[in-house]
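# Tertiary structure, described
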Amino acid sequence: MLGEQQFGVLAGVRSTGHPHLSTVLYRWDADERVLRVSTTVDRLKARQLRRNPRAALHVQGPDVWSFAVAEGEAEVSRPTTAPGDAVGRELLSLTPGFEGRAEEAAFLEQVVEERRVVIRIKVSRLYGTALDLPAQD
């Protein structure tokens, strides 16, 4: 289910201890068990996850009773600072569908201007009513 969806609700922890929820576009790497989310360096979710890396992503299934939740520790990359740097290339991999090098170059310039970062959640626990992964020992 994580690989079939592209939108989920990211939960982090506010300084008050209350949850902070944000709808995000994400990519799931089942081999690495890592969720990746693009955001800007100054967004609340990035600031909160730097302070407290505990995170969860809730993904809705095809009906109201099916869902998956991935929990883990998040890390926030440094912002992309030069078109085509490592963070920029990682952001590019999260956004497929460019029709040529000119579109890719424009995207890489745009993410530098926006001061984008990648949130990487290393998933340590999965639960829900419909999961697409075998349990780990």
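Here the structure is shown first, and the text comes after it.
First things first, this report covers the structure right here in the doc. (Residues numbered from 1 in each chain as written. Predicted model: local features only at pLDDT ≥ 70, side-chain atom pairs only at ≥ 80, totals over all residues. Heavy atoms only, no water.)

### What to know about the pairing of strand β1 (residues 7-13)
- Sheet analysis places β1 next to strand β2 (residues 19-29), joined by 7 bridges and oriented antiparallel. Bridging from a neighbouring strand, Val9 pairs with Thr23 of β2.
- Here β1 pairs with strand β4 (residues 54-60) via 3 bridges, running antiparallel. Within β4, the residue paired with Ala11 across the bridge is Ala56. (Pairing = 2+ DSSP bridges. Helix = DSSP H or I, 4+ residues; strand = E, 2+ residues; numbered from the N terminus.)

### A look at the pairing of β2
- Only one face of β2 is covered, namely the face carrying His20, Ser22, Val24, Tyr26 and Trp28; the face carrying Pro19, Leu21, Thr23, Leu25, Arg27 and Asp29 is uncovered.
- Count of turn residues in the β1/β2 antiparallel hairpin: 5 residues, of which Gly17 carries a positive phi of about 95 degrees.
- Where β2 meets strand β3 (residues 34-40), 4 bridges bridge the pair, whose relative direction is antiparallel. In the strand pairing of β3, Tyr26 is matched with Val37.
- Here β2 folds back onto β3, and the loop between the two strands holds 4 residues, one of which, Arg33, carries a positive phi near 55 degrees. (Buried < 20%, exposed > 50% of the residue type's maximum accessible area, 1.4 Å probe, protein only.)

### Remarks on the side chain of Asn52
- Examined against the element boundaries, Asn52 turns out to sit in the loop between α1 (44-51) and β4.
- Within the structure, the side chain of Asn52 is placed 3.1 Å from the side chain of Arg54, a separation counted as a polar contact. (Polar contact = N/O pair within 3.5 Å; in protein donor to acceptor, adjacent residues only side chain to side chain.)

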